[in-house]
Amino acid sequence: MASIILMGIKHCGKSTQANLISKKLNLPSYDTDTVMEKLSGKSPREIYSQDGPKAFMDWETKACMSIQAELAEKGTDAVIATGGGICCNEQAVSILKTMGRLVFLVASEKTAADRIVREASVGPDGKLKDIPAYIARKNPETLDDVRKIFHEFYLERTDMYSHICDVAVRMENLPKIQNTNRILSSMGVKIV
């Protein structure tokens, strides 16, 4: 078996499914965002907003290299949840491809947008906060603006992920473990 690398847009269930699959298969679980934070001392959002997209992709690549080195040292496979924008980072994707199969978790646009809007808040200055950087930089004034910006982003990213993945699995409105079983089944892993 090879490592299982979960990819997809923000809020599609990558981290949740990585934890469930790792428990089911008794494999270690990694999250590239967590590894980035450990290596850099900053959250991925801080890296992106303070240092820019290039620095973000550099740290993302370093995180993938770190996971690759650790798995090679331990001689094991793993389940890896990636950040929502990894499809734009060719170097990081190349590293991940050497470790296993890329699984695109396809969330519906409405589900992903609802989750983003649910996390958003309004700051004391009246501006939206707690929204992804790629939306924030377009200065949305309302939650409807957030949804409109997300729509274009969703179409673009879905296309990108569908071209780099080995397997695509639509995340259905089902209990989480049922989606876990659907992911494993799509990869030919026998479910016990």
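Bear in mind that the values here come from a model prediction, so they are computed numbers and not experimental data.

Chemist: An account of the packing of helix H1 (residues 14-25) against helix H9 (residues 176-186) is needed here, citing residue identities and associated values.
Modeler: Two packed helices can be described by the angle between their axes and the distance between those axes. Contact geometry for H1 and H9: axes closest at 10 Å, N-to-C directions at 70 degrees. The orientation of H1 with respect to H9, classified from their angle, is roughly perpendicular. Each of Thr16, Gln17, Leu20, Ile21, Lys24 and Leu25 in H1 lies in contact with H9, whose residues at this interface are Lys176, Ile177, Asn179, Thr180, Asn181, Ile183 and Leu184. The residue inventory of the contact of H1 with H9, partitioned by class, reads six nonpolar, five polar and two charged.

Chemist: I'd like a description of the sheet that holds strand S3 (residues 79-81), backed by residues and values.
Modeler: Strand pairing in a sheet takes place through backbone hydrogen bonds and is either antiparallel or parallel in direction. The five strands lie next to each other as S2-S3-S1-S4-S7, forming an open sheet whose pairing is parallel. Of all strands in the sheet, those with a lone pairing partner are strand S2 (29-31) and strand S7 (167-170), marking the two edges. Across the sheet, the axes of successive neighbouring strands diverge by a mean angle of 25 degrees, strand direction being ignored. Bridging between S2 and S3 involves three bridges; their strand directions are parallel. Bridging from a neighbouring strand, Ser29 pairs with Val79 of S3. Each of S2 and S3 touches helix H2 (residues 32-40); the most contacted strand, S2, lies at about 65 degrees to it.

Chemist: Provide a residue-level description of H9, including the pertinent values.
Modeler: Listing the buried residues of H9 in full gives Asn179, Thr180, Ile183 and Leu184. Seen end-on, H9 carries its buried residues on one side only, within an arc spanning 140 degrees. Packed against the buried residues of H9 are strand S1 (3-7), H1, strand S4 (100-106) and S7. Directly after H9, the chain includes Gly188, whose backbone phi takes a positive value near 80 degrees.

Chemist: Break down the pairing of S4 for me, citing the residues and quoting the values.
Modeler: Two faces belong to every sheet, and in a regular strand the side chains alternate between them. Most of S4 sits inside the fold, with six of its seven residues counted as buried. Pairing of S1 with S4 involves five bridges; the strand directions are parallel. Residue pairing in the sheet places Ile4 in a bridge with Arg101 of S4.

Chemist: Just give me the short version of the pattern of salt bridges, but keep the residues and values in it.
Modeler: Evaluation of the coordinates by the stated rule reveals six salt bridges. In this structure, Lys54 engages Asp58 in a salt bridge whose closest nitrogen and oxygen atoms are separated by 3.1 Å. Of this pair, Lys54 and Asp58 are both found in helix H4 (residues 53-74), four residues apart, which corresponds to roughly one turn of the helix. For Lys110, the salt bridge identified is with Asp114, shortest N-O distance 2.6 Å. With Lys110 and Asp114 both in helix H6 (residues 109-119), this residue pair falls four residues apart, about one helical turn. Overall, the relative accessible area of 57% leaves Lys110 in the exposed class. Its relative accessible area of 23% is what places Asp114 among the partly exposed residues. Via salt bridges that share partners, Lys110, Asp114 and Arg147 belong to a single interconnected network.

Chemist: So what's going on with the environment of Lys176? Residues and values would help.
Modeler: If you trace the backbone, Lys176 turns up in helix H9. You can call Lys176 exposed: its relative accessible area is 55%. Spatially, the C-alpha atoms of Lys176 and Ala133 are 27 Å apart, while their sequence positions differ by 43 residues. Once you skip the residues sitting within four places of it in the chain, Lys176 turns out to touch Thr16, Gln17 and Leu20.

Chemist: Which residues make up the nonpolar core, and what are the values?
Modeler: Side chains of a nonpolar character, in soluble globular proteins, are inclined to be buried together. Residues Ile80, Leu96 and Phe150 are the most contacted members of the largest nonpolar core, which totals 59 residues. Looking at which element gives the most residues to this core, the answer is helix H8 (residues 143-164), with seven residues.

Calculation criteria
Residues numbered from 1 in each chain as written. Predicted model: local features only at pLDDT ≥ 70, side-chain atom pairs only at ≥ 80, totals over all residues. Heavy atoms only, no water. Axes fitted to C-alpha atoms, helices over the stretch in contact; angles between N-to-C directions. Helix = DSSP H or I, 4+ residues; strand = E, 2+ residues; numbered from the N terminus. Parallel < 35°, antiparallel > 145°, perpendicular 65-115°, else oblique. Contact = heavy atoms within 4.5 Å. Nonpolar A, V, L, I, M, F, W, Y, C, P; charged D, E, K, R; others polar. Pairing = 2+ DSSP bridges. Buried < 20%, exposed > 50% of the residue type's maximum accessible area, 1.4 Å probe, protein only. Arc of directions from axis to C-beta. Salt bridge = Lys/Arg side-chain N within 4 Å of Asp/Glu carboxyl O. Core = buried A, V, L, I, M, F, W, Y, C linked by side-chain atoms within 4.5 Å.

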